Amino acid sequence: MAGMARTWWGERFLDVLAITMDSGRLRRGRAYSGPGRLLSFDIAGHTVNATMRGNVNAYFGVYKEPRYEVTVRLKRIAATDWDDIAERISHHAAFLSQLLMNEMPAAIEDAFAAKGVHLLPRERADLIASCSCPDYASPCKHVAGVYYKIASLLDRDPLLLFQLRGMKFEKLRGKLAASPLGQALIDQREDGERKLEYHGHRYTAPRVEPLSATDLKSFWKGGSPPPSARDGSCEAASPAILVKRGGDYPGFWNRNNSFIEAMELLYTRVVNKNKASL
C-alpha cells in the first residue's frame, strides 16, 4: 500500500484490503478513489455512502456510463464496550492529551485490548461493504476506491476511526473532558493558549489623540517614536498550537511529510530570526 497513505494509521487501515481482495481489483481500486470516479461521498453516522462512475464497455453490452451505489462500514464496537474503553482512556494521561489535540496515540490499541476488540481493522470481518455493480467478487474495485478515500481522510482526521467504529468522537471527547484528568489537561491547555495570545500583543496600544486641522505637519511626521518591545524573551507555550488544533494533513497539503511538523519548524525559525527586533 506504499504511497496510498501518509500516516502509520492510514497504512494500517489499508492493510486489511490486502487480505480481502485480489491484487488486480486492488490495483484498479486505487484509480477509483479520485474525483474523476467518485461522484458523491457522504459519511452518515458510522456508514459511508458513495456513488461511483462505471465504464462503458461495448463488449459486455454496456453503452451508457453506469452509476454504482457503494456502502462501506466497519464492524461496530458495542456501546457497553465503549463505556469501558472511554474509562481506560480517561485514566491515561498520554492518550488523553493527544486525543484532545486531535492526534492518534501510537499505543491506542492498548485501551481496546482489554475488551478483546481493536480500533484499526485487522481482518475480513471488520470490513462490511456492498456495491450495486455486477462484479461477483466482494469487495469489488468500487468498494476499494471508497476505502482508499476514507484512508485519505484519516490522514487528516484520524479520530474519524472512532465514529466508524460506532462512537462519535464528540461524544467520546465529552466523556474524556468530564474526567478529572481530562479537565486538568484542558485547563492546562487553555492556560497555554492564553499565554500564546499574550505574545501577539508585544507593543503597548498607541495613544489616540484628536486630529487638529492646523497641525498637519505633526500628523504626517508623528509626534513621538513608536514604543519599543519591553519583553521579547517569552517562549510560546507550544509552537503552532492553533495549527495543531486543526489536525494534520489539511486538504491543501499534498506533501507526504507532516504539516504540523513543518509549521512547528517554521514558527520556531521565525521567532528565533526576529528575536532581536522584538
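Residues numbered from 1 in each chain as written. Predicted model: local features only at pLDDT ≥ 70, side-chain atom pairs only at ≥ 80, totals over all residues. Heavy atoms only, no water.

Enquirer: I keep staring at the overall build of the protein chain and nothing clicks. Help me out?
Expert: Looking only at helices and strands, the protein chain has 12 helices and four strands in total. Taking all 278 residues of the protein chain together, the buried fraction comes to 38%. Considering only residue pairs separated by 6 or more positions, the protein chain has 65% of its internal contacts joining residues 24 or more positions apart. Carbon and sulfur atoms make up 54% of the accessible area of the protein chain, which amounts to about 16400 Å² in all. (Helix = DSSP H or I, 4+ residues; strand = E, 2+ residues; numbered from the N terminus. Buried < 20%, exposed > 50% of the residue type's maximum accessible area, 1.4 Å probe, protein only. Contact = heavy atoms within 4.5 Å. Areas by Shrake-Rupley, 256 points an atom, 1.4 Å probe, with all protein chains shown as cover.)

Enquirer: Sorry if this is basic, but what is going on with the sheet that holds strand β4 (residues 127–131) here?
Expert: Pairing within the open sheet is antiparallel, and its four strands lie in the order β1-β2-β3-β4. Of all strands in the sheet, those bounded by a partner on one side alone are β1 (38–44) and β4. For this sheet, the mean angle separating the axes of adjacent strands, direction not counted, is 15°. In terms of strand pairing, strand β3 (residues 67–74) meets β4 through five bridges, oriented antiparallel. Considered in β4, the bridge of valine 72 is made with alanine 129. (Pairing = 2+ DSSP bridges. Axes fitted to C-alpha atoms, helices over the stretch in contact; angles between N-to-C directions.)

Enquirer: I would appreciate a short explanation of the packing of aromatic side chains in the present structure.
Expert: Aromatic rings considered in pairs are described by the distance between their centres and by the relative angle of their planes. Under the defined criterion, the tally for this structure stands at five aromatic pairs. Measuring from ring centre to ring centre gives 4.3 Å for phenylalanine 13 and tyrosine 147, while their planes differ by 10°; the resulting arrangement is stacked. Within this pair, whereas phenylalanine 13 is found in helix α1 (residues 8–18), its partner tyrosine 147 is found in helix α6 (residues 141–156), the two being separated by 134 residues in sequence. According to the relative accessible area criterion, phenylalanine 13 is buried, its value standing at 0%. Where phenylalanine 112 meets phenylalanine 162, the ring centres are 6.4 Å apart and the plane angle is 45°; that geometry is what we call tilted. (Phe/Tyr/Trp six-rings, centres within 6.5 Å; stacked < 30°, edge-to-face > 60°.)

Enquirer: What's the story with the pairing of β1 in this structure? I'm lost.
Expert: In regular strands, side chains alternate between the two faces of the sheet. The pairing of β1 with strand β2 (residues 47–53) spans six bridges and is classified as antiparallel. Residue pairing in the sheet places aspartate 42 in a bridge with asparagine 49 of β2. Linking two consecutive strands that pair antiparallel, namely β1 and β2, is a turn of two residues; a positive phi of about 65° is found at glycine 45 within it.

Enquirer: Help me out: how do you make sense of the confidence of the model for the protein chain in this one?
Expert: A low pLDDT score tells you not to read the predicted coordinates there in detail. Counting all residues, the mean pLDDT for the protein chain is 77, and 73% of those residues have values of 70 or more. At the low end of the mean pLDDT range in the protein chain sits helix α9 (residues 180–199), at 57; at the high end sits β3, at 94. Note that pLDDT drops below 50 for residues 192–204; the model gives that stretch 19 contacts with residues more than four away or on any other chain. (pLDDT = per-residue confidence, 0-100.)

Enquirer: Is there a simple way to explain the environment of arginine 25 in this structure?
Expert: Secondary-structure assignment places arginine 25 in helix α2 (residues 23–31). Ignoring anything within four residues of it in the chain, the contact list for arginine 25 reads Asp135, Tyr136, Ala137, Pro139, Cys140 and Lys141.

Enquirer: Help me out: how do you make sense of the nonpolar core in this one?
Expert: Among soluble globular proteins, nonpolar side chains are generally buried collectively. Counting 52 residues, the largest nonpolar core has Phe13, Leu17, Val72, Phe112, Val146, Tyr147 and Phe162 as its most contacted members. Setting aside residues no more than four positions away along its own chain, valine 146 makes contact with Leu38, Phe41, Val48, Ala50, Met52, Val70 and Val72. (Core = buried A, V, L, I, M, F, W, Y, C linked by side-chain atoms within 4.5 Å.)

Enquirer: Hey, could you run me through the pattern of salt bridges in this one?
Expert: Any two side chains of opposite charge can pair, so long as their charged atoms come close to each other. The tally for this structure, following the rule as stated, stands at six salt bridges. For the salt bridge of glutamate 65 with arginine 53, the shortest nitrogen-to-oxygen distance reads 2.7 Å. One end of the pair, glutamate 65, is in the loop between β2 and β3; the other, arginine 53, is in strand β2, and 12 residues separate them in sequence. Judged by its relative accessible area of 28%, glutamate 65 is partly exposed. With a relative accessible area of 28%, arginine 53 lands in the partly exposed category. Taking the shortest distance from any N to any O, the salt bridge between arginine 67 and glutamate 65 comes out at 2.7 Å. The network of salt bridges with common partners includes Arg53, Glu65 and Arg67. (Salt bridge = Lys/Arg side-chain N within 4 Å of Asp/Glu carboxyl O.)

Enquirer: Any chance you could explain empty space enclosed by the protein here in plain terms?
Expert: Regions of empty space are outlined by a rolling probe, equal in size to a water molecule, passed over the atoms. Counting across every chain of the model gives one cavity of 30 Å³ or more. What the largest cavity holds in volume is close to 30 Å³. Broken down by secondary-structure element, the contributors of at least two residues to the lining of the largest cavity are β3 and α6. Of the residues contributing to the lining of the largest cavity, the split by class is seven nonpolar, one polar and one charged. (1 Å grid on protein atoms, 1.4 Å probe; cavity = no way out; pocket = protein on both sides within 12 Å on 5 of 7 lines; lining within 4 Å. Points joined across faces, edges and corners; volume = space filled by probe spheres on them. Nonpolar A, V, L, I, M, F, W, Y, C, P; charged D, E, K, R; others polar.)

Enquirer: What's the story with the side chain of threonine 7 in this structure? I'm lost.
Expert: Within the secondary structure, threonine 7 sits in the segment before α1. For threonine 7, the side chain forms a polar contact with the side chain of tryptophan 9, separated by 3.2 Å. A distance of 3.1 Å separates a polar atom in the side chain of threonine 7 from the backbone nitrogen of glycine 10. Apart from residues no more than four positions distant in its own chain, threonine 7 is found in contact with Asp155 and Tyr249. (Polar contact = N/O pair within 3.5 Å; in protein donor to acceptor, adjacent residues only side chain to side chain.)

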